[in-house]
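Letter by letter, the chains look like this.
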Amino acid sequence: MTMTQRRMRGAATLTANPSQGVRIHRAATPLRRTEAGRIALPLTVGNNGTPLGDAELVLTYDDAAELYAELGRMLVDAILTADGTDHE
């Protein structure tokens with residue numbers, strides 16, 4: 001195994017420590033619309049606590065709606081798992 005392969009394997013390990021590994025976080029700037037009408041989600045990329053740069057996740061309306069639905073399901077599941085109560 002080459003040194004690069006070892007580094008890539010190490011970076012794939014996700015820990016609770018935000019200063020370890022490659023991290024992509026939502027940036028503090030608000031969402032925006034692109035000229036094509038898509039939704040741009042600002043992100044910040046870092047490695048071992050060192051900022052590498054900014055990027056945007058650009059989503060079509062359909063992609064954004066799908067993400068919204070998936071996040072909603074995950075949040076409901078987290079609430080149900082946390083207290084064991086059915087909130088419907």
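Residues numbered from 1 in each chain as written. Predicted model: local features only at pLDDT ≥ 70, side-chain atom pairs only at ≥ 80, totals over all residues. Heavy atoms only, no water.

Further remarks concern the overall build of the chain. Of the regular secondary structure elements, the chain holds two helices and four strands. Going from the N terminus to the C terminus, the chain shows its helices and strands as α-β-β-β-β-α. Long-range contacts, defined as pairs at least 24 residues apart, comprise 17% of the intrachain contacts of the chain with a sequence gap of at least 6. Of the roughly 7,200 Å² that the chain leaves accessible, carbon and sulfur atoms contribute 58%. (Helix = DSSP H or I, 4+ residues; strand = E, 2+ residues; numbered from the N terminus. Contact = heavy atoms within 4.5 Å. Areas by Shrake-Rupley, 256 points an atom, 1.4 Å probe, with all protein chains shown as cover.)

The phi torsion at N48 lies on the positive side, around 55°, for a residue other than glycine. The residue N48 is located in the loop between strand 3 (39–47) and strand 4 (50–59) in this model. With relative accessibility at 48%, the residue N48 sits in the partly exposed group. (Buried < 20%, exposed > 50% of the residue type's maximum accessible area, 1.4 Å probe, protein only.)

Of the volumes computed, that of the largest pocket is approximately 180 Å³. If you go around the largest pocket, the residues you meet are R26, L31, I39, L41, L59, A64, L67, Y68 and L71. Taken together, the elements giving at least two residues each to the lining of the largest pocket come down to strand 3 and helix 2 (61–83). A class-by-class count of the residues in the lining of the largest pocket yields eight nonpolar, no polar and one charged. (1 Å grid on protein atoms, 1.4 Å probe; cavity = no way out; pocket = protein on both sides within 12 Å on 5 of 7 lines; lining within 4 Å. Points joined across faces, edges and corners; volume = space filled by probe spheres on them. Nonpolar A, V, L, I, M, F, W, Y, C, P; charged D, E, K, R; others polar.)

A separate point is the pattern of salt bridges. When charged atoms on two side chains of opposite charge get close, those side chains can pair. Across all of its chains, the model carries one salt bridge by this definition. When the shortest N-O distance is used, the salt bridge between R32 and E56 registers 2.8 Å. You can see R32 sitting in strand 2 (residues 32–33) and its partner E56 sitting in strand 4, a full 24 residues away along the chain. Judged by relative accessible area, R32 falls into the partly exposed class, the value being 40%. (Salt bridge = Lys/Arg side-chain N within 4 Å of Asp/Glu carboxyl O.)

So, on to the confidence of the model for the chain. When the pLDDT values of the chain are averaged, the result is 85; 78% of them are 70 or greater. Mean pLDDT across the elements of the chain ranges from a minimum in helix 1 (residues 3–11), with 55, to a maximum in strand 2, with 97. (pLDDT = per-residue confidence, 0-100.)

What follows is about the pairing of strand 3. Both faces of the sheet carry side chains from a regular strand, because those side chains alternate between them. With five bridges connecting them, strand 1 (residues 22–26) and strand 3 associate as antiparallel partners. Each bridged residue has a counterpart across the sheet, and for R26 the counterpart in strand 3 is L43. As defined by bridge partners, strand 2 adjoins strand 3 across two bridges and the pair is classed as antiparallel. The residue of strand 3 that forms the bridge with R32 is A40. The turn joining strand 2 and strand 3, which pair antiparallel and follow one another in sequence, is formed by five residues; a positive phi near 85° is taken by G37. Across nine bridges, the pairing between strand 3 and strand 4 is antiparallel. When the sheet's bridge partners are listed, N47 is paired in strand 4 with T50. If you look at the hairpin formed by strand 3 and strand 4, you'll find two residues sitting between the two strands, and N48 has a positive phi there, around 55°. (Pairing = 2+ DSSP bridges.)

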